[in-house]
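# What the coordinates show
Spelled out from the first residue to the last, the chains are:
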Amino acid sequence: MGDYYYCGCCICCLSKKKRNAIAKNKEINLILAEQRKSEHRELKLLLLGTRESGKTTFTKQMRIMHGKGFSIDERRSYSKLVFQNIFQAMSSMTKAMNTLKIPYSNPQNEVTKRLSAFLLSLEIYEGTIILVIYAQWFQDQDIHQITHLQRNYVAAIRHLWVDQGFKVCYEWRREYQLLDSTKYFIEHLDRITAEDFIPTNQDILRVRFPTNGIIEERVIIEKITLRIVEVNQRGERRKWIHCFENVTSLIFLASLCEYDQFLEENNQTNRMEESLSLFYTTIHSTRFAHSSVILFLNKMDILAKKILFSDLRTYFPEFEGKRWDIEDAKQFIRKLYTQKSVSNENSKHIYSHFICARDYIDGPILFNEVKDALLRQSLIKNSMI
């Protein structure tokens, strides 16, 4: 029997298959119409990830690009945190110089036998000999009391940063805990130490500070309010995970560059393995059975540099891609995470993207993933896929 032309009034002339297709199409349109009617509502996105994955950077970037941004007064409030970050980095590196037994190459910077834990240097200023104990300055000072960088500290930072031994220590930063933003802040020291310094957006994105509890940020994309809820409760996941109801989507931040690093509190546990474990337990929690999962694999820029000297296969022997190849490394790490979508009980659909949170986050892409997830959930609920 030949096909019939459908004019809208002779549906009875169509085959059963075509009638079912039309009915299904109408049902999809009804679902989409219901979504459009409810587009005024606020969508709740839960932001998770392990320490240093970039959660706070992600939240700040969304605020800068799609929210209210930061006022001048808010920018000024970050100045102290920038100074503290620089001080913390120098403290970490001077300690690592001793721990890793890396000698200072500049004779002025050599630690004497008598005071092996101190860095001594004699400087002459206005005819007076000043004893500067550089390393001990950074290790003894309470970082939280730092509100500005004094001139003698700035001189010490410059003196140490150009030392060849100190440079070697920086290259070995995977062996100890060091802020990703260390080099950036040191290279911008002239601007940062100026009297009229006001942190830029990039400064704010790169600054790190301890965060606990819950941070919320509301952004509007395509006239829809996305309420991003960032969770920072280390070691107490069972206490906070039950608090979240009606979550539209889970956003999980994972660092691409932590494959060769270990936890600060447990130097036997690989940081990427810890992240993978959190990802698996979170997405398969019954609390989020109906929430979509958006995976952002962060810090592409750092991975691109690290992969050239730190072999991924050393830490993940199952990696079979080309060594030193950024694309093979990215795809392998993505696979590690997407494989976690399957459990004994179910399989989660995962939307994944590679990003550099401190450079750019495409809000429309995020919003489109959320819309697609909503449609997918509706179709599943109506047994249409």
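Residues numbered from 1 in each chain as written. Predicted model: local features only at pLDDT ≥ 70, side-chain atom pairs only at ≥ 80, totals over all residues. Heavy atoms only, no water.

What follows concerns the packing of aromatic side chains. Within this structure, the stated rule accounts for 13 aromatic pairs. On the numbers, 5.0 Å between centres and 65° between planes, the contact of Phe252 with Phe279 is edge-to-face. Here Phe252, found in strand E6 (residues 249-255), pairs with Phe279, found in helix H12 (residues 271-283); they are 27 residues apart in sequence, far enough to count as distant. By relative accessible area, Phe252 is classed as buried at 3%. Residues Phe252 and Tyr337 carry aromatic rings whose centres are separated by 6.5 Å and whose planes lie at 50° to one another, so their mutual orientation is tilted. Separated by 85 residues along the polypeptide, Phe252 in strand E6 and Tyr337 in helix H15 (residues 326-338) bring together distant segments of the chain. As far as the burial class goes, Phe252 and Tyr337 line up, both buried. One aromatic cluster in this structure is built from Phe70, Tyr78 and Phe209. When the ring centre of Tyr259 is taken as reference, the NZ or CZ atom of Lys306 above it lies at 5.8 Å. Sitting above the plane of the Phe354 ring, Lys330 keeps its charged end 4.7 Å from the centroid. (Phe/Tyr/Trp six-rings, centres within 6.5 Å; stacked < 30°, edge-to-face > 60°. Helix = DSSP H or I, 4+ residues; strand = E, 2+ residues; numbered from the N terminus. Buried < 20%, exposed > 50% of the residue type's maximum accessible area, 1.4 Å probe, protein only. Lys NZ or Arg CZ within 6 Å of the ring centre and 35° of its normal.)

Note on placement: Ile355 falls in the loop between strand E8 (350-354) and helix H16 (363-381). In this structure the C-alpha to C-alpha distance between Ile355 and Met300, which are 55 residues apart in sequence, comes to 6.3 Å. Setting aside anything within four residues of it in sequence, one finds Ile355 in contact with Phe58, Leu253, Phe296, Leu297, Asn298, Lys299 and Met300. (Contact = heavy atoms within 4.5 Å.)

The subject of this paragraph is the packing of helix H4 (residues 79-99) against helix H6 (residues 151-161). Following both chains from N to C, one finds H4 and H6 inclined at 45°, their axes separated by 12 Å at the closest point. Here H6 runs oblique to H4, going by the angle between their axes. Between H4 and H6 the crossing geometry is left-handed. Of the residues in H6, those in contact with Ile86, Phe87, Met90, Met93 and Thr94 of H4 are Tyr153, Ile157, Leu160 and Trp161. Split into classes, the residues belonging to the contact of H4 with H6 amount to eight nonpolar, one polar and no charged. (Axes fitted to C-alpha atoms, helices over the stretch in contact; angles between N-to-C directions. Parallel < 35°, antiparallel > 145°, perpendicular 65-115°, else oblique. Left-handed = near helix turned anticlockwise from the far one by under 90°. Nonpolar A, V, L, I, M, F, W, Y, C, P; charged D, E, K, R; others polar.)

Ranked by size, the top nonpolar core spans 36 residues in total, and within it Ile86, Met93, Phe138, Leu149, Ile157 and Phe166 carry the most contacts. Secondary-structure elements contributing two or more residues to this core are H4, H6, helix H7 (164-171), helix H8 (182-187) and helix H9 (189-192). Ranked by the residues each element gives to this core, the list is headed by H4, at ten residues. Every residue in contact with Leu149, bar those within four places of it in the chain, is listed here: Phe83, Ile86, Phe87, Val154, Ile157, Leu189 and Thr193. One finds Leu46, Phe279, Leu303 and Ala329 within the second-largest nonpolar core, a separate group that totals 32 residues. (Core = buried A, V, L, I, M, F, W, Y, C linked by side-chain atoms within 4.5 Å.)

By secondary structure assignment, the location of Lys55 is in helix H2 (residues 55-66). Along the chain, Lys55 and Glu230 lie 175 residues apart, while their C-alpha atoms are 7.0 Å from each other. The contacts of Lys55, once residues within four sequence positions are left out, are Leu47, Leu48, Gly49, Thr50, Glu230, Val231, Asn232 and Leu253. Polar side-chain contacts of Lys55 include one of 3.3 Å to the backbone oxygen of Thr50. (Polar contact = N/O pair within 3.5 Å; in protein donor to acceptor, adjacent residues only side chain to side chain.)

For Glu52, which is not a glycine, the phi torsion comes out positive at approximately 65°. With respect to the element layout, Glu52 can be found in the loop between strand E1 (43-48) and H2. The phi torsion at Trp324 lies on the positive side, around 65°, for a residue other than glycine. Tracing the backbone shows Trp324 in the loop between helix H14 (312-315) and H15.

A cluster of nonpolar residues, Leu100, Val168 and Trp172, forms a patch on the protein surface that exposes about 240 Å² of accessible area. Residue position: Leu100 is located in the loop between H4 and strand E2 (120-125). By relative accessible area, which is 32% here, Leu100 ends up partly exposed. (Patch = residues over 30% accessible without salt bridge, like charges linked within 9 Å, V, L, I, M, F, W, Y side chains within 5 Å. Areas by Shrake-Rupley, 256 points an atom, 1.4 Å probe, with all protein chains shown as cover. Salt bridge = Lys/Arg side-chain N within 4 Å of Asp/Glu carboxyl O.)

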